[in-house]
Amino acid sequence: MSTGTVESSGAERASGARGIPAAADGASAARYDALRQRVASAASGGSRPAAIARLLARAAATDALHPEPVLRPTAGPDAEPSLADDQVRMLRAVVASDLYATNADGDPLVGAAMPESASSLGSAEQHAVAQALFDLGRDLDPEDRALFDVLVRRGLDPFEALATVPLEALFDADEQAALDAARRLRQRPTPRLFTWRPGQDADYGGYVGVIFKVTRWCNLRCTYCHDWRTGRDQAMSFGVLRTLFERLLEPAGHGNVDVIWHGGEPTILDRRAFLRILALQRHFQRPGQRIQNSIQTNATRIDDEWVGFLRRYRFSVSVSLDGPPEVHDRTRVDIAGRGSFDDVRRGLELLRDAGLLRGVLLVITPEILELGAERLLAFFLDEGIDAVDLLPARPNNGPGAPGLYIEPTRFARFLVEMHRARQARGGATPRIRMLDSALQALHGEMPGFCELLGNCIGSFFAVDPDGSVSHCDKYVGDPAYVLGNVLEHDFDSLRRSEAARRIRQDNERGLARQAGCEYFEICRGWCPHERYVQAQRGDIATCCGLRPLFDQLRAEDDGRAVSP
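Thresholds, definitions, all that
- Residues numbered from 1 in each chain as written.
- Predicted model: local features only at pLDDT ≥ 70, side-chain atom pairs only at ≥ 80, totals over all residues.
- Heavy atoms only, no water.
- Phe/Tyr/Trp six-rings, centres within 6.5 Å; stacked < 30°, edge-to-face > 60°.
- Helix = DSSP H or I, 4+ residues; strand = E, 2+ residues; numbered from the N terminus.
- Buried < 20%, exposed > 50% of the residue type's maximum accessible area, 1.4 Å probe, protein only.
- Lys NZ or Arg CZ within 6 Å of the ring centre and 35° of its normal.
- Pairing = 2+ DSSP bridges.
- Core = buried A, V, L, I, M, F, W, Y, C linked by side-chain atoms within 4.5 Å.
- Contact = heavy atoms within 4.5 Å.
- Axes fitted to C-alpha atoms, helices over the stretch in contact; angles between N-to-C directions.
- Parallel < 35°, antiparallel > 145°, perpendicular 65-115°, else oblique.
- Nonpolar A, V, L, I, M, F, W, Y, C, P; charged D, E, K, R; others polar.
- Right-handed = clockwise from strand over helix to strand, strands pointing away.
- Expected span 1.5 Å × (residues − 1).
- Polar contact = N/O pair within 3.5 Å; in protein donor to acceptor, adjacent residues only side chain to side chain.

### Observations concerning the packing of aromatic side chains
Geometry of an aromatic ring pair is reported as the spacing of the ring centres plus the angle between the planes.
And step 1. Across all of its chains, the model carries 22 aromatic pairs by this definition.
And step 2. Taking 5.4 Å as the distance between ring centres and 65 degrees as the angle between the ring planes, the aromatic pair formed by Trp261 and Phe315 counts as edge-to-face. Of this pair, Trp261 sits in strand 2 (residues 256-262) while Phe315 is found in the loop between helix 11 (304-312) and strand 4 (316-320), placing the two residues 54 residues apart along the sequence. The pair Trp261 / Phe315 is uniform in exposure class, with both members buried.
And step 3. Seen from their ring centres, Tyr519 and Phe550 are 5.4 Å apart, and the 25 degrees between their planes marks the pair as stacked. Here Tyr519, found in the loop between helix 19 (498-514) and helix 20 (520-523), pairs with Phe550, found in helix 22 (residues 547-558); they are 31 residues apart in sequence, far enough to count as distant.
And step 4. Judged by its relative accessible area of 1%, Phe550 is buried.
And step 5. Cation over ring: Arg154 sits above Tyr32, and NZ or CZ is 5.4 Å from the ring centre.
And step 6. Here the basic side chain of Arg271 rests over the ring of Trp306, its NZ or CZ set 5.2 Å away from the ring centre.

### Description of the pairing of strand 8 (residues 460-463)
And step 1. Judged by which residues are buried, strand 8 turns out to be covered on both faces: Phe460 and Ala462 on one side and Phe461 and Val463 on the other are all buried.
And step 2. Sheet analysis places strand 1 (residues 207-213) next to strand 8, joined by four bridges and oriented parallel. Each residue of the ladder has a partner; that of Ile211, found in strand 8, is Ala462.
And step 3. Note: strand 8 against strand 9 (residues 468-470), two bridges, orientation antiparallel. Looking across to strand 9, one finds that Val463 is bridged to Val469.
And step 4. Following strand 8, the chain reverses through four residues before pairing antiparallel with strand 9; Gly467 in that reversal takes a positive phi of roughly 95 degrees.

### Some words on the nonpolar core
And step 1. In terms of nonpolar packing, the biggest core is built from 130 residues, with Phe212, Phe245, Trp261, Phe315 and Leu390 touching the most fellow members.
And step 2. For this core, the element with the most residues is helix 10 (residues 271-284), which contributes eight residues.
And step 3. The residues touching Leu390, leaving out its near neighbours within four places in the chain, are Leu362, Ile364, Phe411, Phe414, Leu415, Met418 and Ile432.
And step 4. If you look at the next biggest cluster of nonpolar residues, it comprises 26 residues, including Met90, Ala93, Val95 and Leu147.

### Section: the sheet that holds strand 8
And step 1. The strand order across the open sheet formed by ten strands is 7-6-5-4-3-2-1-8-9-10, and the pairing between neighbours is mixed. Across the chains shown, the open sheet's two edge strands, defined by having one partner strand only, are strand 7 (431-432) and strand 10 (482-485).
And step 2. Across four bridges, strand 3 (residues 290-297) lies against strand 4 in parallel orientation. By the bridge assignment, Ile295 is partnered in strand 4 with Val317.
And step 3. Docked against the sheet, helix 9 (residues 238-248) engages strand 1, strand 2 and strand 8, running at close to 170 degrees with respect to strand 1.

### Remarks on the packing of helix 16 (residues 408-424) against helix 17 (residues 433-442)
Between two packed helices, both the angle of their axes relative to each other and the distance between the axes serve to describe the pair.
And step 1. Closest axis-to-axis distance for the helix 16/helix 17 pair is 10 Å, and the angle between their directions is 85 degrees. It follows that helix 16 is roughly perpendicular to helix 17 by the angle criterion. Packed against helix 16, whose contacting residues are Phe411, Leu415, His419 and Arg422, the element helix 17 presents Met434, Leu435, Asp436 and Leu439 at the interface.
And step 2. Residues belonging to the contact of helix 16 with helix 17 are distributed by class as follows: five nonpolar, one polar and two charged.

### Looking at the pairing of strand 1
And step 1. Burial analysis of strand 1 places seven of its seven residues in the buried class, which makes it a mostly covered element.
And step 2. Here strand 1 shows two buried faces, one formed by Tyr207, Gly209, Ile211 and Lys213 and the other by Val208, Val210 and Phe212.
And step 3. Two elements, strand 1 and strand 2, share seven bridges in a ladder whose sense is parallel. Counterpart to Val210 in the pairing with strand 2 is Val259.
And step 4. For the crossover from strand 1 across helix 9 to strand 2, the handedness is right-handed.

### Focus on helix 10
And step 1. Compared with the 20 Å implied by 1.5 Å per residue over 14 residues, the 20 Å span of helix 10 between its first and last C-alpha is a close match.
And step 2. By the criterion of burial, helix 10 is predominantly enclosed, with 13 of the 14 residues buried.
And step 3. Where helix 10 starts, the residue carrying a side-chain oxygen 3.3 Å from the main-chain nitrogen of Arg272 turns out to be Asp270.

### Re helix 9
And step 1. With nine of eleven residues buried, helix 9 lies mostly within the body of the structure.
And step 2. Contact partners of the buried residues in helix 9: helix 8 (173-181), strand 1, strand 2, helix 10, strand 8 and helix 18 (491-496).

### Some thoughts on unusual backbone geometry
And step 1. Between Gly263 and Gly264 the backbone carries a cis peptide bond, its omega angle lying at 10 degrees.
And step 2. Within the secondary structure, Gly264 sits in the loop between strand 2 and helix 10.
And step 3. In this model, Asn455 sits at a positive phi of 60 degrees, which is unusual for a non-glycine residue.
And step 4. Position of Asn455 relative to the elements: it lies in the loop between helix 17 and strand 8.
And step 5. Residue Asn455 is classed as partly exposed on the basis of its relative accessible area, which comes to 41%.
And step 6. If you check the backbone angles, Trp526 has positive phi at about 60 degrees while not being a glycine.
And step 7. Relative to the elements of secondary structure, Trp526 occurs in the loop between helix 20 and helix 21 (528-536).

Structure, rendered in structure tokens:
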């Protein structure tokens, strides 16, 4: 589906220069190729030939991007330790890559984030693979050891491999000059630990989440959505992208960074645009700093090439879906007003079959309430969807703003209906994030959801294509929630801004009104945006609205019946 001439040409501009220039000097490339052949030959008679073969195959994908490797400096402010010189670092890299495992089509699987403690690392097989790699590089001369380090990084971690690709492969001369002039910090971050205790707000410590509005263009016109835009300048420019990631990854306290790609529809941009953005992240990443990319997509543009890209670079993927076609095709329509269910289902199935689908996000609208919990749950199970996030429809931001509004108590009652429907089927599938987080909170466990953790202000940000930064993307359209702009302010300044101070004070006053509720220590007041919407509608609530849900869950714990 096309978004029109203006958006399409803009997406091409956002991708940057198309050509990948050949290496100016092929000496290093030739030596690198010879080393790769030596490694392949030596590995064939070694202890782990299959694992090394997979490493070489994965490295080849980066080699195809640009064969001339960039050698990492071994001294000076940009120096980074070589994997070839450190057995523990090599082991950590192997564990993080899951190089030893493959899925059905032979493509290496991607593992979870690496543990901090070397003593807890890995299986015997992972240790053996790491030792085999270390042994292969041990007897090489210094230049070949540096090239071997490039080969290993390219084979173990495609994101890490971006540091071995010359800037000119992805950026034009002016962009390269800007990157060369930018500040890169090579010291490890020193974040505080995330902490949580029952009945208290979370302390996010070194965590920061950025809802990354890479573009506002979208190929759908959902009936309840107010996030899409048309016209020029609705995709982030190189200048905004460079400054955003320089400033996002600069603070010593930012040790754990989540980048949530959002829109609009992010895949309106092409894969080269995505690759340039990932290269910027890696360019500014501090040693030891964790970056996790996830994407919220309508899935209409997902194909085999997108699946391969998202899997290669370890994206976590969530798909927007409004239930079965009789509802989805009424609320999630394209520019011409046509339903999008068939396109979404095709993309969702590709993602699910590749093991990339984290879950689906569904907006609770009057159409969904009319459909009912039983039919919705049956649809999820029929489609093989095992994780769902439910969000109540909300109007545009601002006093008296138009838009759909599902009252909090009605949303809570629908969650109860979903809970009963799931129980009637004898299991806990699909996982429903809001419902399961409420159960965790009620039982004194940490809910896996920001809306029930409290204390989100200053740990979550939304960044628009022009660089403006808000507290969370839920407040789009209200200038009072814009904290500043990354082109003018760093993240410490944004946290200290007058707007952030006012937002905190307003939030504290709202929480004080709700503190007398018997469930306050469990829900932590729910999401601040819920209080915001209620206030805009003149409702000064003393309960967040989730009482019907907690009444039901507590009654079940106590063995009591609650009326529907």
